[in-house]
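# Tertiary structure, described
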Amino acid sequence: MLHIAVDIGASSGRLVAGERKENKLEIKEIHRFANGFMEREGTSYWDIDHLLMEIVKGLATVKKLGYETCTVGIDTWAVDYVLIDEKGNRLQEAVSYRDKRTEKTIEKLTKKISKGFIYEKTGIQFLPFNTIYQLFEEAPELIRKTDKILMVPDYLGFRLTGNAVLEVTNASTMQLLNVKKRDFDDDLLELISVKKEQFPYFSEPGQELGRLKKEWFPSYDLPDCKIVTVASHDTASAVAGTPGIGEGWAYLSSGTWSLLGIETSEPVITDLSLENNYTNEWGTFQSFRFLKNIIGMWIIQEVRKSLPQDYNYSQFVEEAKKVERFQRFINFNDDRFINPIDMAVEIQAYCRETNQPIPETAGELAGCIYDNLAIIYTMVIKELEEITGQSIDCLHIVGGGAQNELLNQLTADVSGKTVYAGPSEATAIGNLLLQMIAAGELADLHEGRQLIRKSFDIKEFIPAAVQTETLINRFNQYG
Ligand SMILES: Nc1ncnc2c1ncn2[C@@H]1O[C@H](COP(=O)(O)OP(=O)(O)OP(=O)(O)O)[C@@H](O)[C@H]1O
Ligand SMILES: C[C@H](O)[C@H](O)[C@@H](O)C(=O)CO
Ligand SMILES: [Mg+2]
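The model shown is predicted, which means the values in this text are computed figures rather than measured ones. (Residues numbered from 1 in each chain as written. Chains lettered and ligands numbered in written order. Predicted model: local features only at pLDDT ≥ 70, side-chain atom pairs only at ≥ 80, totals over all residues. Heavy atoms only, no water.)

### Observations concerning helix α13 (residues 313-321)
Buried within α13 we find F316, V317 and A320. All buried residues of α13 fall inside an arc of 100° around its axis, so they share one side. The residue sitting at the N-terminus of α13 and contributing the capping side-chain oxygen is N312; that oxygen lies 3.0 Å from the backbone nitrogen of S314. (Buried < 20%, exposed > 50% of the residue type's maximum accessible area, 1.4 Å probe, protein only. Helix = DSSP H or I, 4+ residues; strand = E, 2+ residues; numbered from the N terminus. Arc of directions from axis to C-beta. Polar contact = N/O pair within 3.5 Å; in protein donor to acceptor, adjacent residues only side chain to side chain.)

Right, dumping it as structure tokens:
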């Protein structure tokens, strides 16, 4: 059976076909397209209709390749949603989590209910753009007109099948679910004046959402195509698509964001996890993704836009290799880097304010980004071990960032952990695994990860000795 993963990240989207051929998973990229938010009248939003048409375009290609039967699973970035009325019409643009409307919302809401209380209920990290804060900022009359609040991947599935669900891995990122009840938290819904009935019913990954709506057939005429819910939060699919070599492994889903964490069977909700802003996003098969959001390749993506000359990511890495290591220490998790007007200027301002050499060239800018990400990753690994009491033996770097061999080696060196890099399309692969488990082609995720290890090139990076403590001390001095 052919399975199609629709994986849409903040910077790019792709349709990846996957089929099990004996003891290998064979994948083929069918369609790739750019993503990114737009700005209009002071609002940052996603062109959601364009994304839908890109999916349709990709499915038409599947048809042209001669397939008649397939399943499709959709995953995207987290927290963002679409409001629809009782006729299914979209009530407004799909606002991006990078929009500035929620910059002060945590401060506003935690005057009414403490952070500790919210965290005790949800176990979810405090990111200014969590769904709870976005919904709080919506105009009350718009919420009153809203029949359903659909998370982005669920909205795309609704447009293709007419059926709406709330898939749990992405639902958890709303910071509205009570982790013990595995249901909405009534206090939090009341706090933001939203009703439970304004959400669809929950769906676990692996359930049939429906068949493609007839009106889409003319452009791709896939008579036997079923949409299946997968881990619709892309990071949850990326974790599912992590090879999982050894016992004490951690994952780093390296794309626009760097999501670094471990899989747990129970949530970790402690003073220390709250203090360090760790999250317990829901994973597949009732697991949890105990992780931390680290500003990831967003930084270099935005620097790329700042520079007069266009560099591709391989060129940035080559330029970064030429500059001296660890000349600047920058805490890229500072809110100033969430969405500055000009990232290169913001980095230079940070260095000027902290009396550090100001990076000017592409190599100096990329070099300081990769140097400091390696230090931040190391600090998060140390925090994870301290908070959970579990030792982490190795780190799996998956996603587009896994192709950055300089950063892979720097991460191994600074953290002292062996790094396994790849697959770069782990999100799409995890999406495919969940469809294959639903189709009975795989018994479970354990078998799926064995298939990954047999099917894809996973590069090993052995740590070389560096003065980690010195680097962390210097980072804390400037961070
Ligand atoms: N050849 C390469 N060398 C080094 N880095 C690369 C290379 N190709 C891609 N990358 C890095 O991968 C990043 C994109 O990763 P990926 O494709 O996983 O992100 P995405 O899926 O579009 O977004 P999201 O993180 O929201 O899922 C780029 O920003 C870039 O930094
Ligand atoms: C906004 C979220 O933190 C973001 O989507 C992250 O969870 C992610 O999934 C990045 O791919
Ligand atoms: Mg991605």
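### Some details on the nonpolar core
Of all hydrophobic cores here, the largest spans 148 residues; its most connected members are I347 and Y370. Examining the composition of this core, we find that 16 residues originate from one element, helix α15 (residues 362-388), more than from any other. Both domains that meet at this core, namely domain 1 (3-234) and domain 2 (242-422 + 443-479), each give it at least three residues. In this structure, Y370 is in contact with I300, F316, V317, A320, N404, L406, L407 and L410, ignoring residues within four places of it in sequence. Residues I429, L434, M436 and L445 belong to the second largest nonpolar core, which totals 15 residues. (Core = buried A, V, L, I, M, F, W, Y, C linked by side-chain atoms within 4.5 Å. Domains from an automatic or database assignment. Contact = heavy atoms within 4.5 Å.)

### Notes on the domain arrangement of the protein chain
The extent of an interface is frequently quoted as the accessible surface area lost upon association of the parts. Considered domain by domain, the protein chain is made up of domain 1 (3-234) and domain 2 (242-422 + 443-479). Spacing between the C-alpha centres of domain 1 and domain 2 amounts to 25 Å. For the pair domain 1 and domain 2, the two sides together bury roughly 3000 Å², of which 57% comes from carbon and sulfur. Of all residues in domain 1, the largest losses of buried area upon contact with domain 2 belong to R98, Y119 and Q125, amounting jointly to 24% of the total for that side. Those elements that place two or more of their residues in the side of domain 1 that touches domain 2 are β3 (24-34), α3 (115-122), α7 (168-171) and β11 (177-178). For the side of domain 1 that touches domain 2, a count of residues per class yields 16 nonpolar, 10 polar and nine charged. (Buried area = accessible area lost by both parts, 1.4 Å probe. Nonpolar A, V, L, I, M, F, W, Y, C, P; charged D, E, K, R; others polar.)

### As for the site of ligand 1
Neighbouring ligand 1 are 21 residues, the closest being A10, S11, S12, T256 and Q301. Within the side chain of R14, an N or O atom sits 3.0 Å from an oxygen atom of ligand 1. Relative to its unbound accessible surface of 650 Å², ligand 1 loses 85% to contact with the protein. Secondary-structure elements contributing two or more residues to the shell around ligand 1 are β2 (12-21), α12 (298-306) and α13. For the shell around ligand 1, the element with the highest residue contribution is α13, accounting for three residues. A class-by-class count of the residues in the shell around ligand 1 yields six nonpolar, 13 polar and two charged. (Near = heavy atom within 4 Å. Areas by Shrake-Rupley, 256 points an atom, 1.4 Å probe, with all protein chains shown as cover.)

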